[in-house]
Amino acid sequence: LQAKFPHTSKRSGLDSYLFFIVLSGSGELQYNGSTYRLNRNDCIFIDCKQPYAHITSDDLWKLKWVHFNGQSMAEIYNKYLSRGGEPVFTVEQNEKCIELLDDIFSIVSSEDYIRDMKINEKLASLLTLIMSKSWHPGKPQATQKRGELTNIKSWLDKKYTSKISLDELAKQFYIDKFYLSKIFK
């Protein structure tokens, strides 16, 4: 996307997640009651069910972006947040990010009969890159998640003589059972 003039793009209620990187120019993101100034190498990763706006400044920006979704994306995004991930982060070495987005665009426009699987592979690589930028253990979200896990462990300590299934535990604490199986082996 190369902006031709300053503009605002507002959305909400989309069943997708948005990732973009600013290649040049500047603008801002309005999301969850905060405004973030965006410049070259800044990235956003947001849940588009929430209202958001991105606004280009007079220094018209150029972006690479992708909207995507999948069955496990809510859990992945929650994990991103629980690790302290922010809606905006900066990548100093943007080559890998740009390469992944270019690969996704190339695959999408191909006639390859397994392109869905190749897109999935590239999105997984992009999510891995995004997740590597999310570890901020001092952030309130990360601290809150550790507190939730302490509550789960305490509950398990009290109920250890009862028959407990992962499904029941996940339902009780509103946490993905696959995540729980990794945490409580």
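Structure first, text after, so check above.
About the criteria used
Within each chain, residues carry numbers counting from 1 in the order of the written sequence. Given that the model is predicted, a residue must reach a pLDDT of at least 70 before its local features are reported, and side-chain atom pairs must reach 80 or more before they are shown or counted; all residues, however, enter totals for whole chains, interfaces and linings. Hydrogens and waters are ignored; side-chain quantities use all the structure's heavy atoms. Helical segments are the DSSP runs of H or I of at least four residues, strand segments are the runs of E of at least two, and each set is numbered from the N terminus. In what follows, a contact means two residues having at least one pair of non-hydrogen atoms within 4.5 Å. Using a 1.4 Å probe, accessible areas were evaluated by the Shrake-Rupley method; residue-level cover was limited to the displayed protein chains. Axes here refer to lines fitted to C-alpha atoms; in helices the fit is confined to the stretch in contact. Angles between the N-to-C directions go from 0 to 180 degrees. Oblique is the label for any angle not covered by the other classes, which are roughly parallel (under 35 degrees), roughly antiparallel (over 145) and roughly perpendicular (65 to 115). A clockwise turn of the near helix away from the far one marks a right-handed crossing, whereas an anticlockwise turn of less than a right angle marks a left-handed crossing. As a working rule, the residues Ala, Val, Leu, Ile, Met, Phe, Trp, Tyr, Cys and Pro are called nonpolar, Asp, Glu, Lys and Arg charged, and the rest polar, with Gly in that last group. Here the term buried applies to any residue with accessible area under 20% of the maximum for its type, exposed to any over 50%, and partly exposed to those in between, with areas from a 1.4 Å probe on protein chains only. Just so you know, the count uses Lys and Arg for positive and Asp and Glu for negative, and it drops His and the chain ends. One speaks of a salt bridge when a side-chain nitrogen belonging to Lys or Arg is within 4 Å of a carboxyl oxygen belonging to Asp or Glu. Nitrogen and oxygen atoms within 3.5 Å of one another constitute a polar contact, given that in protein one can donate a hydrogen and the other can accept it, and given that sequence-neighbouring residues count only through two side-chain atoms. Under the convention used throughout, the expected extent of a helix is 1.5 Å for every residue step, that is, one less than its residue count. Think of the arc as the fan of directions from the helix axis to the C-beta atoms.

So, the overall build of the protein
Working step 1: What the protein contains, in helices and strands, is 6 helices and 8 strands.
Working step 2: Ordering the α and β elements of the protein from the N terminus gives β-β-β-β-β-β-β-α-β-α-α-α-α-α.
Working step 3: Here the analysis covers contacts within the protein between residues at least 6 apart in sequence; of these, 72% occur between residues at least 24 apart.
Working step 4: Summing over all exposed atoms, the protein offers an accessible surface of approximately 11200 Å²; the carbon and sulfur share of this is 51%.

Observations concerning the packing of helix α2 (residues 95-108) against helix α3 (residues 115-132)
Working step 1: Closest axis-to-axis distance for the α2/α3 pair is 9 Å, and the angle between their directions is 165°. Classified by the angle between their axes, α2 and α3 sit roughly antiparallel to one another. The element α2 and its partner α3 pack so that their crossing is left-handed. Contacts from C97, L100, L101, D103, I104, I107 and V108 in α2 reach R115, K118, I119, K122, L123, S125, L126 and L129 in α3.
Working step 2: Residues that form the contact of α2 with α3 fall into these classes: 10 nonpolar, 1 polar and 4 charged.

Some details on the side chain of D42
Working step 1: Here D42 shows up in strand β5 (residues 42-47).
Working step 2: The side chain of D42 is buried and forms no salt bridge, while R37, the nearest opposite charge, is found at 8.0 Å.
Working step 3: For D42, the side chain forms a polar contact with the main-chain nitrogen of N39, separated by 2.7 Å.
Working step 4: Once residues lying within four places of it in the same chain are set aside, the contact partners of D42 are F20, I21, V22, R37, F89 and T90.

Points about the pattern of salt bridges
Where charged atoms from two side chains of opposite charge come close, those side chains can pair.
Working step 1: Evaluation of the coordinates by the stated rule reveals 4 salt bridges.
Working step 2: For K49, the salt bridge identified is with D47, shortest N-O distance 3.5 Å.
Working step 3: One salt bridge in this structure joins K118 and D112, with 2.5 Å as the shortest N-O distance.
Working step 4: K118 sits in the partly exposed class, given a relative accessible area of 30%.
Working step 5: Relative accessible area serves as the criterion here: at 26%, D112 is assigned to the partly exposed category.

With respect to α2
Working step 1: In this model, α2 (14 residues) spans 20 Å end to end at C-alpha, consistent with the 20 Å of a helix rising 1.5 Å per residue.
Working step 2: Inspection of α2 places C97, I98, L100, L101, I104 and I107 among the buried residues, and these make up the whole buried set.
Working step 3: For α2, the secondary structure elements touched by its buried residues are β2 (17-24), β7 (62-68) and α3.

Details of α3
Working step 1: In a regular helix each residue adds 1.5 Å, so 18 residues correspond to 26 Å; α3 covers 26 Å between its end C-alpha atoms and thus fits that length.
Working step 2: Of all the positions in α3, only I119, L123, L126, L127, I130 and M131 are classed as buried. All buried residues of α3 lie within an arc of 135° about the axis, which places them on one face of the element. Projecting away from the buried face of α3 at angles above 90 degrees are the exposed residues M117, T128 and S132.

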